[in-house]
Amino acid sequence: MVSNEAWIVVALVGVATVAFKAAGPVLIGRRSLPPNVQSVVDLLAPVMLIALVVTQTFGGDEEVTVDARVAGVGAALVAILLRAHVIVAMAIAALVTALLRLAS
């Protein structure tokens, strides 16, 4: 049941992101946004993604859960800091998480 709710949130966030991105060109046409507004718009998608990763990594049944997912996200963070591509970092996170779950 919780998984379905998470996917509903993911879908809603995706739709909201697309709506925000589409609203700009529709509402302002060829005019550019003020720099301070543009900086906020540029940060919306990454911040929302980080929020989803954090809640899915540490979220449990109304408590903080620390398990193999935390190590996977940590491995992905190290990969990103070492300038790995995001896809590679995601694969590393999945591999580390899977290996730790297999080992336990």
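Structure report, in brief. All values derive from a computational prediction rather than experimental measurement.

### Some details on the pattern of salt bridges
Here is step 1: Under the criterion given, the structure shown has one salt bridge.
Here is step 2: Across the pair D67 and R69 runs a salt bridge, and its minimum N-O distance is 3.0 Å.

### Here we look at a nonpolar patch on the surface
Here is step 1: Side chains of F20, V37, V40, V41 and L44 sit close together on the surface and give an oily, nonpolar patch of about 400 Å² of accessible area.
Here is step 2: Inspection of the secondary structure assignment puts V40 in helix α2 (residues 35-58).

### Side note on the packing of α2 against helix α3 (residues 68-81)
Here is step 1: At their nearest, the axes of α2 and α3 sit 8 Å apart, and the two run at 145 degrees to each other. Together, V53, Q56, T57 and F58 of α2 and R69, V70 and V73 of α3 make up the contact between the two elements.
Here is step 2: When grouped by side-chain class, the residues that make up the contact of α2 with α3 number four nonpolar, two polar and one charged.

Basis of the calculations
- Residues numbered from 1 in each chain as written.
- Predicted model: local features only at pLDDT ≥ 70, side-chain atom pairs only at ≥ 80, totals over all residues.
- Heavy atoms only, no water.
- Salt bridge = Lys/Arg side-chain N within 4 Å of Asp/Glu carboxyl O.
- Patch = residues over 30% accessible without salt bridge, like charges linked within 9 Å, V, L, I, M, F, W, Y side chains within 5 Å.
- Areas by Shrake-Rupley, 256 points an atom, 1.4 Å probe, with all protein chains shown as cover.
- Helix = DSSP H or I, 4+ residues; strand = E, 2+ residues; numbered from the N terminus.
- Axes fitted to C-alpha atoms, helices over the stretch in contact; angles between N-to-C directions.
- Contact = heavy atoms within 4.5 Å.
- Nonpolar A, V, L, I, M, F, W, Y, C, P; charged D, E, K, R; others polar.

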